[in-house]
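Below are the chains, spelled out letter by letter.
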Amino acid sequence: MPAFDLNGKVALVTGGARGIGFETARQMHMRGASVAVLDIDADEAREAAERIGPRAIGLAGDVTDQNAMLAAVAEVVEKFGGLDVAVANAGIAQKSFASIRAISGEEWERVFEVDLLGVWRTVRAALPQIVERKGQMVVVSSVYAFANGMGNSPYAVAKAGVEMLGRSLRVELAAHGASASVAYFGWVDTKLVQDAFAQEDSHRVRELSPDFLMKRITPDEAAAGLVRGIEERAPRIFVPKWWRYVSALRGLVNPLLDKRMESDPKTRALFRDMDAKRLGESSGI
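Residues numbered from 1 in each chain as written. Predicted model: local features only at pLDDT ≥ 70, side-chain atom pairs only at ≥ 80, totals over all residues. Heavy atoms only, no water.

Enquirer: Sorry if this is basic, but what is going on with the overall build of the protein chain here?
Expert: When its secondary structure is counted, the protein chain shows 12 helices and seven strands. Scaling as 2.2 N^0.38, a compact globule of 285 residues should have a C-alpha radius of gyration of about 19 Å, and the protein chain matches this with 19 Å. Its C-alpha atoms give the protein chain principal-axis dimensions of about 65 × 40 × 30 Å. When burial is assessed residue by residue, the protein chain has 50% of its 285 residues classed as buried. Sequence separation of at least 24 residues holds for 71% of the intrachain contacts in the protein chain that already meet a minimum separation of 6. Summing over all exposed atoms, the protein chain offers an accessible surface of approximately 13,600 Å²; the carbon and sulfur share of this is 53%. Considering the protein chain, the positive charge centre built from 36 side chains and the negative charge centre built from 37 side chains are found 6 Å apart. (Helix = DSSP H or I, 4+ residues; strand = E, 2+ residues; numbered from the N terminus. Rg over C-alpha atoms; globule rule 2.2 N^0.38 Å. Buried < 20%, exposed > 50% of the residue type's maximum accessible area, 1.4 Å probe, protein only. Contact = heavy atoms within 4.5 Å. Areas by Shrake-Rupley, 256 points an atom, 1.4 Å probe, with all protein chains shown as cover. Lys, Arg positive; Asp, Glu negative; His and termini not counted. Charge placed at Lys NZ, Arg CZ, Asp CG, Glu CD.)

Set out below in structure tokens:
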């Protein structure tokens, strides 16, 4: 597909008041786009739009509410005349690392609802405009789409689903001259990641992976890669780029890594201890 010039286009970014979402909206605005920043907090959305510039508006909306997303898209169309790019970026993580046994059903389903169904409802609301204007739908997945989700299963399951949603959209939209991209980020220094790294057992989780896999990048680096991918109509956007090779080798590497982790003494001890704290069990073998 041809390159996508953002100058004069209209974009909607969910979860846009901070982090990757804010930087993505800001950098698209710098390229000449009008942007709508959507966040669950109305004040934060408006403040973010004011910081971005004159062609930006802030909208309040819960991505899990289909009517709210339909209303948000309608407001963007009324304000700017249409919608060319929608970035489904909003997401949350569980409060702390926990096994599937120990996490509450309510918390597991809440993360899944925001991170997958929230993306789906954003897509559903934006698609009529994306098709009409031959635009782009961008869904934000994660390297967790192909990494083992131990201790973080609702997030990982949701991101794997987002990946498949984006892949499906890409093929389906091509018939209409529109496109879709799937974005995969490693560790980005956002509040979500900072909170994860501050958890009680996070140092033990990090010790299970090589240091280079845990290296954090800044939100503006992540957004720069994402915006370049939008301009290129790339099917897959990896930031940092080297994650594309991990993804390409997943069919070979994942079974080996899974086997290693399930027999690793440190991994076993970690989950015995975490389950003991959550469920009040003995951490002994």
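The discussion continues.
Enquirer: Got a minute to help me understand the nonpolar core in this structure?
Expert: Buried together is how nonpolar side chains tend to be arranged in soluble globular proteins. Within the largest apolar cluster, 39 residues are counted, with the highest numbers of intra-cluster contacts made by Leu-83, Val-123, Met-137 and Leu-169. Of all the elements, helix 4 (residues 105-132) adds the most residues to this core, at eight residues. Setting aside chain neighbours within four positions, we find Val-123 in contact with Met-137, Val-139, Leu-165 and Leu-169. (Core = buried A, V, L, I, M, F, W, Y, C linked by side-chain atoms within 4.5 Å.)

Enquirer: Looking at this structure, I do not really get the sheet that holds strand 4 (residues 85-88). What am I missing?
Expert: Read from one edge to the other, the open sheet built from seven strands follows the order 3-2-1-4-5-6-7, with strand pairing classed as parallel. Strand pairing shows two members of the sheet lacking a second neighbour, strand 3 (56-60) and strand 7 (236-239), which therefore form its edges. Within this sheet the neighbouring strands show an average axis-to-axis angle of 15°, counted without direction. Pairing of strand 1 (residues 10-14) with strand 4 involves three bridges; the strand directions are parallel. Bridge assignment links Leu-12 to a residue of strand 4, and that residue is Ala-86. On the sheet, helix 2 (residues 42-52) packs against strand 2 (34-39) and strand 3 and is oriented at approximately 170° with respect to strand 3. Relative to strand 6 (residues 179-185), helix 5 (residues 153-174) is tilted by about 155°, and along the sheet it contacts strand 5 (136-140) and strand 6. (Pairing = 2+ DSSP bridges. Axes fitted to C-alpha atoms, helices over the stretch in contact; angles between N-to-C directions.)

Enquirer: Looking at this structure, how should I read the packing of aromatic side chains?
Expert: Two aromatic rings are characterised by how far apart their centres lie and by the angle between their planes. Inspection of the entire model under this criterion finds six aromatic pairs. Centre to centre, the rings of Phe-146 and Tyr-184 are 6.0 Å apart; their planes meet at 45°, and the pair counts as tilted. In this pair, Phe-146 sits in the loop between strand 5 and helix 5 while Tyr-184 sits in strand 6, placing the two residues 38 residues apart along the sequence. Aromatic pair Trp-242 and Trp-243: ring centres 4.6 Å apart, planes at 25°, arrangement stacked. Judged by relative accessible area, which is 31%, Trp-242 ranks as partly exposed. Among the aromatic residues, ring-to-ring pairing joins Phe-146, Tyr-184, Phe-238, Trp-242 and Trp-243 into one connected group. The aromatic ring of Phe-22 is capped on one face by Arg-51, whose charged end is 4.2 Å from the ring centroid. (Phe/Tyr/Trp six-rings, centres within 6.5 Å; stacked < 30°, edge-to-face > 60°. Lys NZ or Arg CZ within 6 Å of the ring centre and 35° of its normal.)

Enquirer: So what exactly am I meant to see when it comes to the side chain of Gln-136 here?
Expert: You can see Gln-136 is positioned in strand 5. Here Gln-136 falls in the buried class, since its relative accessible area comes to 0%. If we skip the residues at most four places from it in the chain, Gln-136 touches Phe-4, Asp-84, Val-85, Ala-86, Ile-130, Ser-179, Ser-181, Ile-230 and Arg-233.

Enquirer: Is there a simple way to think about a positive patch on the surface in this case?
Expert: Where like charges cluster on the molecular surface, the positive patch consists of Arg-167, Arg-228, Arg-236, Lys-241 and Arg-244. Tracing the backbone through its elements, the reader meets Lys-241 in the loop between strand 7 and helix 10 (243-248). (Patch = residues over 30% accessible without salt bridge, like charges linked within 9 Å, V, L, I, M, F, W, Y side chains within 5 Å. Salt bridge = Lys/Arg side-chain N within 4 Å of Asp/Glu carboxyl O.)

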